[in-house]
Amino acid sequence: MGKAMEDAVKRLREIRQKNLAGGGLEAIERQHARGKLTARERIECLVDPGTFSELGSCVNTNSRRIDGKEVDAPCDGAVIGTGEVEGRLVAVYASDFTVLGGSIGSQHLQKCAELIKMAAAWGIPMVWLLDSSGGRLGSSTLLTAGIDWYFALEARYSGVIPQINVLMGPCIAGQAYAPTLCDFLLMSRQTGHLWLGGPRMVQAATSEKIGDNVGGADYHMEFSGTCDVVGEDDRETIQKARLLLGYLPSNWREKAPYKPTCDDPRREVPELAEIVPDDYGETYDMHRVIELLVDDGEYFELKNEYAKNLITCFARMGGEVVGLVANNPAQPGSILEIDSCDKYYRFLQVLDAYNIPLVTLVDTPPVVPGESQEARGLLRHGGKILDVYATATIPKISVILREAYGDAGSIIMGGVKGMGVDLCYAWPVARFAIEASEMDYRNVRGGMGIEAGAYEGYLNRAREKLDVFEVAKCWTAQVVDEIIEPGETRKKIIEALRLTKNKREKLPPRNKYHGTPPT
């Protein structure tokens, strides 16, 4: 090795060594004192040991002046590269809070933006490990901190590669849109905060004092529905991201990874007949049903504390990944309302984008009307599901356990063949109706548009319950394809997945990627 090469290699090693310290030992100690890992510790936690390959390690701010001070920012506060998760390649971006608070400067922005484009070109998932104070104040090179680039790239590559955001620090103002544009948002309960306007900003602008819980992981899980998964701390949240990646394909062209199982695909599940009561008014927890149906009883639930009357989760059946959507009678009536419609809609979009079959477990009364729900746009929110269900080209399999009433059970949950369900099974106790109410409409004063003879002509008949055998008599009605015993449910679903594995469906040709669904 010549002298020039020796000096250059030495310089490179010095830069790499300096990068390991980020913003310095004191900054690292402060990070740990807050209960947070550093950017590089988070990457080590995410990827398989020894697989991280860094890109842009020599980037710095070139000692440019910010607010009149000389600044040295290793990697410009953004550690990027590739690694493996369970042997599968991923792209990783980790903002380094020890370097200028993880703020976004021009080089920081460019590193992240280029990584998104490279990940899309290579067909590998993009994982954000976010802990940033936002735009770099005092820097005139980026008026909007470059977040407009983030938004555009996230949107353009949405549904092309999985994008997962793991939030383990603050995310405020305009930058707060970035996590919501990803396919999935995971938040650390201890350290993750997401606000469009934080407590100080809101108080300064409006004098309103908002609670400390606003913007936290539990808040966005229970109330806003923005968060998909909550972890207790950095490590647990990142481990959940690893699990989530295991259910997703690397890109839109691929299928989700198959996982061999010792769980017999033809296994009978006689316990289901005991868990699900014959009495239609008696409740039960659908989680117990799901646990018995899926491989090895393992599933990955999303938004588990939001709109709990509907369950959305990934699981495997016969080794193949499926997306499960199920009503949960353990929650008030297992009724579909605005929040559960949004939850269902978002999940179904993801399934269709990444070629993951949909399995619905139906047991629900109709969508609940009422002034509050109507005023907030219940029809629009239900309409979104109708749009995405009808246009989803993935395999769609439904099982009606007990009740499929009205627009919720028969249409929105995929209980009617006309909506595009591939195979619809029903248990022998299943029944159908326009509505579930037992009230006597003759004692209710008619409103505008209610005709005098409506009771006999429609309202009374709307509540007539048809059992599944009556429905099954008429094949032309195309509601159910077959009545099955409860114990057969697992093997019938897996059989349906095999039958529809090579399904090919194309929508009518158009120049745009999208239609105009309700918003």
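This one's a predicted model, so the numbers in the text were calculated from it and none came from an experiment. One numbering rule holds for all chains: residues counted from 1, following each sequence as written. Given that this is a predicted model, residues contribute local features only at a pLDDT of at least 70 and side-chain atom pairs are listed and counted only at 80 or more, while totals for whole chains, interfaces and linings are drawn from all residues. The side-chain numbers reported here are obtained from all heavy atoms of the structure, hydrogens and water having been left aside.

Thoughts on the overall build of the protein
Under the DSSP-based scheme used, a helix requires at least four consecutive residues in state H or I and a strand at least two consecutive residues in state E, with every element numbered from the N terminus. Secondary structure assignment for the protein yields 18 helices and 20 strands. In the protein, which comprises 519 residues, the proportion classed as buried is 51%. As displayed, the protein offers around 24,800 Å² of accessible surface, 53% of which is attributable to carbon and sulfur atoms. Here the term buried applies to any residue with accessible area under 20% of the maximum for its type, exposed to any over 50%, and partly exposed to those in between, with areas from a 1.4 Å probe on protein chains only. Residue burial considers only the protein chains on display, and all accessible areas are found by Shrake-Rupley using a 1.4 Å probe.

Topic: empty space enclosed by the protein
The gaps of empty space that remain are located by a probe, the size of a water molecule, rolled over the atoms. Residues are said to line a cavity or pocket when one of their atoms sits within 4 Å of a point; the points come from a 1 Å grid over protein atoms alone, cavities being sets where a 1.4 Å probe fits but cannot get out and pockets being open sets with protein on both sides within 12 Å along at least five of seven lines. Grid points are joined across faces, edges and corners, and a volume is the space filled by probe spheres set on the points. One pass over the full model with this rule turns up one cavity of 30 Å³ or more. Approximately 70 Å³ is the volume found for the largest cavity. Forming the boundary of the largest cavity are Asp 183, Phe 184, Asp 228, Leu 302, Lys 303, Thr 312, Lys 343, Arg 346, Phe 347 and Val 350. No other element matches the four residues that helix 12 (residues 338–353) contributes to the lining of the largest cavity. Asp, Glu, Lys and Arg are counted as charged, while Ala, Val, Leu, Ile, Met, Phe, Trp, Tyr, Cys and Pro are counted as nonpolar; the rest, among them Gly, fall into the polar class. Counted by class, the lining of the largest cavity contains four nonpolar, one polar and five charged residues.

Some points on the layout of surface pockets
Its boundaries defined by the atoms lining it, the largest pocket holds a volume of some 1,800 Å³. Taken together, 43 residues form the lining of the largest pocket, with Asp 352, Ala 353, Thr 393, Leu 507 and Tyr 513 sitting closest to its centre. Of all the secondary structure elements, the ones that give two or more residues to the lining of the largest pocket are helix 5 (147–156), helix 6 (177–181), helix 12 and helix 14 (378–391). Ranked by the residues each element gives to the lining of the largest pocket, the list is headed by helix 12, at six residues.

Here's the deal with the side chain of Asp 228
Along the chain, Asp 228 falls in the loop between helix 8 (217–224) and strand 11 (229–231). Setting aside residues no more than four positions away along its own chain, Asp 228 makes contact with Asp 183, Phe 184, Leu 185, Met 221, Glu 301, Leu 302 and Lys 303. The criterion used for residue contact is that any of the two residues' heavy atoms lie within 4.5 Å.

A word on unusual backbone geometry
If you check the backbone angles, Ala 307 has positive phi at about 45° while not being a glycine. Structurally, Ala 307 is set in the loop between strand 12 (299–302) and strand 13 (310–317). By relative accessible area, which is 13% here, Ala 307 ends up buried. Unlike most non-glycine residues, Asn 355 shows phi in positive territory, near 60°. By the secondary structure assignment, Asn 355 is in the loop between helix 12 and strand 15 (358–364). When its relative accessible area of 24% is taken as the criterion, Asn 355 is described as partly exposed.

Considering the packing of aromatic side chains
In this analysis, rings of Phe, Tyr and Trp, with Trp reduced to its six-membered ring, are considered paired at centre separations within 6.5 Å, and the interplanar angle assigns stacked below 30 degrees, edge-to-face beyond 60, and tilted for intermediate values. Applying the stated criterion to the full structure yields eight aromatic pairs. Pairing Phe 151 with Tyr 177 gives two aromatic rings, centres 5.9 Å apart and planes at 85°, and the pair type is edge-to-face. With Phe 151 in helix 5 and Tyr 177 in helix 6, the pair connects residues that are 26 residues apart, well separated along the chain. Assessed through its relative accessible area of 21%, Phe 151 is described here as partly exposed. Each residue in the set Phe 184, Tyr 247, Phe 300, Phe 314 and Phe 347 is aromatic and connected to the rest through ring pairs, giving one cluster. The lysine or arginine in question, Lys 396, covers the ring of Tyr 389, its NZ or CZ lying 4.8 Å from the ring centre. A cation sits over an aromatic face here: Arg 431 above Tyr 280, 3.7 Å from the ring centre. Two thresholds decide whether a charge sits over a ring: the Lys NZ or Arg CZ must be within 6 Å of the ring centre and within 35 degrees of the ring normal.

Focus on a negative patch on the surface
Negative charge collects at one region of the surface, where Glu 274, Asp 278, Asp 279 and Glu 282 lie side by side. Take Asp 279: it is sitting in the loop between helix 10 (272–275) and helix 11 (286–293). With a relative accessible area of 47%, Asp 279 lands in the partly exposed category. Only residues whose relative accessible area exceeds 30% and that form no salt bridge enter a patch; like-charged residues are grouped when within 9 Å of one another, and nonpolar side chains (Val, Leu, Ile, Met, Phe, Trp, Tyr) when within 5 Å. For this analysis, a salt bridge means a side-chain nitrogen from Lys or Arg found within 4 Å of a carboxyl oxygen belonging to Asp or Glu. Lys and Arg are tallied as positive, Asp and Glu as negative. Neither His nor the chain termini are counted. We put the charge of a Lys on NZ, of an Arg on CZ, of an Asp on CG and of a Glu on CD.

Remarks on the pattern of salt bridges
Enumeration according to the criterion identifies 25 salt bridges in this entry. In this structure, Arg 490 and Asp 295 form a salt bridge, with 3.0 Å as the shortest nitrogen-oxygen distance. Here Asp 295 lies in the loop between helix 11 and strand 12 and Arg 490 lies in helix 18 (residues 489–499), a separation of 195 residues in the sequence. On the basis of relative accessibility, which here comes to 0%, the residue Arg 490 falls in the buried class. For Asp 295, a relative accessible area of 4% translates into the label buried. When the shortest N-O distance is used, the salt bridge between Glu 403 and Arg 431 registers 3.6 Å. Within this pair, whereas Glu 403 is found in strand 16 (residues 396–405), its partner Arg 431 is found in strand 18 (residues 431–433), the two being separated by 28 residues in sequence. Here Glu 403 matches Arg 431 in class, with each residue buried.

Re helix 4 (residues 106–122)
Note that an α-helix has 3.6 residues per turn; residues three or four places apart therefore point the same way. By this rule, a helix spans an expected 1.5 Å times one less than how many residues it contains. Taking 1.5 Å of rise per residue, the 17 residues of helix 4 would be expected to cover 24 Å, and the 24 Å separating its terminal C-alpha atoms lies within 8% of that figure. Taken together, the buried positions of helix 4 are occupied by His 108, Leu 109, Lys 111, Cys 112, Ala 113, Leu 115, Ile 116, Ala 119 and Ala 120. On its buried side, helix 4 packs onto strand 1 (53–55), strand 4 (78–85), strand 5 (88–95), strand 6 (126–130) and helix 5. Looking at the residues trailing helix 4, positive phi occurs at Gly 123, about 70°.

Observations regarding the environment of Ala 91
Relative to the assigned elements, Ala 91 resides in strand 5. Residues Ala 91 and Ile 80, 11 residues apart in the sequence, show an inter-C-alpha distance of 7.6 Å. If sequence neighbours within four positions are ignored, Ala 91 has contacts with Gly 81, Thr 82, Leu 115, Ala 119, Ile 124, Pro 125, Met 126 and Val 127.

Focus: the pairing of strand 4
For strand 4, a buried count of seven out of eight residues is recorded, marking the element as mostly surrounded by other parts of the structure. Pairing geometry for strand 1 and strand 4, over three bridges, is antiparallel. Counterpart to Glu 54 in the pairing with strand 4 is Gly 81. Where strand 4 folds back on strand 5, the antiparallel hairpin that results is connected by two residues, among which Glu 86 adopts a positive phi of roughly 55°. For two strands to pair, DSSP has to find at least two bridges joining them.

Describing a nonpolar patch on the surface
Residues Tyr 177, Leu 181 and Leu 196 make up a contiguous nonpolar surface patch of roughly 280 Å² in combined accessible area. Considering the arrangement of structural elements, one finds Leu 196 in the loop between strand 10 (193–195) and helix 7 (199–206). The exposure class assigned to Leu 196 is exposed, which follows from its relative accessible area of 53%.

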